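The primary structure of each chain is shown beneath.
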Amino acid sequence: MADSTNDASVLDWRLYADATCAGLSVLIPLPLVDIVFETTFRRRIPGTIARVRRSNFSPDVRRRLGRGLDGPLSPSGCLAIGLAAVKYVLRRIWRKIIYIFAVKDAATALTEYWHRAFLIDHMVRAGHLEPGVDTDLALRVSMDVLRDIDPSPLMGMARQTVANVHHVFRLLVRARRLGAAEVTRSLGEVLSSHWRMAEGSLEDTARRYNERYRAEIAARKTGGPPPVQESSDRLPVRDIEA
C-alpha cells in the first residue's frame, strides 16, 4: 500500500534526485552518451519513488512509467529511425558547440522531469498503481498530462540548478554508480529553498491529472466520451478517489 503518512508538502529530495540527473544528462557533450544517461535515470524514477513510499507495483508498471513521452517505436517510426538519428546527432553537436542552447535544453528537461516525479509520487500515494487497480488508465492519463505541462513556472529554479552543476559527466557517473540522492544532495537546496513556489506549479499538474482521471471514470460509467475538462483551482490535489 502507498505510504500516506509522508507529507508531500515537505520536499523529500530522494523523489527528485533521479529526475534531476535525467534532466542534467542533456548537458553531457557527447551525442548518444547523453541519451544513455538520460534513459538510465528516467527509468530509475518510478522504482526510487516506490521504495521511498513503500509502495508495491508491478515491474511492467515501472517499465512503462520509465518510458519517454513518445512511447515505444511504431513500425513507421522504425523506418524513420536512420534519418532521426542523423538529425539528432547534428542537432546535439550544434547545441554542444553553442552551449547556451544546451543549458536551455537542460533547464527545460529538468522542469519536465520534476513534473514527472511529482506526478508519479502523486499516483503512488493515491493508490492508482497498486496491484488489482486499473493501472492502464492511470498510466495513459499521466502521459497525456505530462505532454501538456507548462515548464515556465519552474524555469528559474531549473536554470539555478544547472548553474550550480560543475563537471556534469563526472557527477552523473558517480550518481549512476552510487545513487542519485546522495551524490546530488547539494543540488536539492535550490528546489528546497523555493519549494512552496515549485509545489504550486507541480500541484497544477496533479490537479489536471485528477480531472482527467475522474472524467475517464465518469465516461466509463455513462458509456460516452470523457468531457473536456477545464482547470479548477478548487479541486484538492489529494482528493482523487475514484
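Residues numbered from 1 in each chain as written. Predicted model: local features only at pLDDT ≥ 70, side-chain atom pairs only at ≥ 80, totals over all residues. Heavy atoms only, no water.

**Comments concerning the pattern of salt bridges**
A pair can form between side chains of opposite charge whenever their charged atoms are brought close.
Part 1 of the argument: Counted under the stated rule, the structure contains 13 salt bridges.
Part 2 of the argument: Close ionic contact of E182 with R185 constitutes a salt bridge, the shortest N to O distance being 3.2 Å.
Part 3 of the argument: Notably, a salt bridge pairs D204 with R207, separated by 2.7 Å at the nearest N-O pair. Placement of the pair is D204 and R207 together in helix 12 (residues 195-222), with a separation of three residues, close to one helical turn. (Salt bridge = Lys/Arg side-chain N within 4 Å of Asp/Glu carboxyl O. Helix = DSSP H or I, 4+ residues; strand = E, 2+ residues; numbered from the N terminus.)

**A closer look at the environment of L171**
Part 1 of the argument: When you line up the elements, L171 lands in helix 9 (residues 168-178).
Part 2 of the argument: Spatially, the C-alpha atoms of L171 and C21 are 8.8 Å apart, while their sequence positions differ by 150 residues.
Part 3 of the argument: Excluding its chain neighbours within four sequence positions, the residues that come into contact with L171 are L24, V165, V183, T184 and L187. (Contact = heavy atoms within 4.5 Å.)

**Some points on the nonpolar core**
Generally speaking, soluble globular proteins have nonpolar side chains that are buried together.
Part 1 of the argument: Y16, L24, W114 and L191 are the most contacted members of the largest nonpolar core, which has 65 residues in total.
Part 2 of the argument: If near-sequence neighbours (up to four positions away) are discounted, L24 is found in contact with L110, V162, V165, V168, L171, L172 and L187. (Core = buried A, V, L, I, M, F, W, Y, C linked by side-chain atoms within 4.5 Å. Buried < 20%, exposed > 50% of the residue type's maximum accessible area, 1.4 Å probe, protein only.)

**What to know about the side chain of S55**
Part 1 of the argument: Among the structural elements, S55 can be located in the loop between helix 2 (33-53) and helix 3 (59-65).
Part 2 of the argument: Judged by relative accessible area, which is 9%, S55 ranks as buried.
Part 3 of the argument: A polar contact is formed between the side chain of S55 and the side chain of E130, at a distance of 3.5 Å. (Polar contact = N/O pair within 3.5 Å; in protein donor to acceptor, adjacent residues only side chain to side chain.)

**What about the packing of aromatic side chains?**
Part 1 of the argument: Evaluation of the coordinates by the stated rule reveals three aromatic pairs.
Part 2 of the argument: Note on Y16 and W195: the rings are 5.5 Å apart at their centroids and 65 degrees apart in plane angle, and the pair reads as edge-to-face. Highlighted residues: Y16 in helix 1 (residues 14-24) and W195 in helix 12, separated in sequence by 179 residues.
Part 3 of the argument: With a centroid separation of 5.6 Å and 65 degrees between ring planes, the pair formed by F37 and F169 is classed as edge-to-face. (Phe/Tyr/Trp six-rings, centres within 6.5 Å; stacked < 30°, edge-to-face > 60°.)

**Comments concerning unusual backbone geometry**
Peptide bonds are, in most cases, trans, and in most cases residues other than glycine have a negative phi.
Part 1 of the argument: In this structure, R54 takes a positive phi of about 55 degrees despite not being glycine.
Part 2 of the argument: Here R54 is to be found in the loop between helix 2 and helix 3.
Part 3 of the argument: You will see that H167, though not glycine, has its phi angle at about 55 degrees, which is positive.
Part 4 of the argument: Note on placement: H167 falls in the loop between helix 8 (155-163) and helix 9.
Part 5 of the argument: A residue is classified by how much of its surface remains accessible, and H167, at 54% relative accessible area, is exposed.

**Some words on the packing of helix 7 (residues 135-147) against helix 12**
Part 1 of the argument: Their axes nearest at 9 Å, the elements helix 7 and helix 12 cross at an angle of 135 degrees. The orientation of helix 7 with respect to helix 12, classified from their angle, is oblique. The chirality of how helix 7 crosses helix 12 is right-handed. The segment helix 7 lies against helix 12, with L137, A138, R140, V141, S142, D144 and V145 engaging T205, R208, Y209, R212, Y213, E216, I217 and R220. (Axes fitted to C-alpha atoms, helices over the stretch in contact; angles between N-to-C directions. Parallel < 35°, antiparallel > 145°, perpendicular 65-115°, else oblique. Left-handed = near helix turned anticlockwise from the far one by under 90°.)

**Some words on the confidence of the model for the protein**
Low pLDDT marks regions whose predicted coordinates should not be analysed in detail.
Part 1 of the argument: Summing up the model confidence of the protein, the mean pLDDT is 83 and the portion of residues at 70 or higher is 78%.
Part 2 of the argument: Within the protein, helix 1 carries the highest mean pLDDT (96), whereas helix 4 (residues 75-79) carries the lowest (48).
Part 3 of the argument: This stretch, residues 1-6, has a pLDDT under 50; its non-local contacts, to residues over four places away or in other chains, come to 14 contacts.
Part 4 of the argument: With pLDDT under 50 throughout, residues 73-78 is counted as low confidence; its partners more than four residues away or in other chains account for two contacts. (pLDDT = per-residue confidence, 0-100.)

**Some thoughts on the environment of R116**
Part 1 of the argument: Residue position: R116 is located in helix 6 (residues 99-126).
Part 2 of the argument: Residues R116 and P46, 70 residues apart in the sequence, show an inter-C-alpha distance of 9.5 Å.
Part 3 of the argument: Not counting chain neighbours up to four residues away, the residues in contact with R116 comprise R42, I45, L65, G66, R67, G68, L69, M143 and L146.
Part 4 of the argument: There is a polar contact of 2.8 Å between the side chain of R116 and the backbone oxygen of L65.

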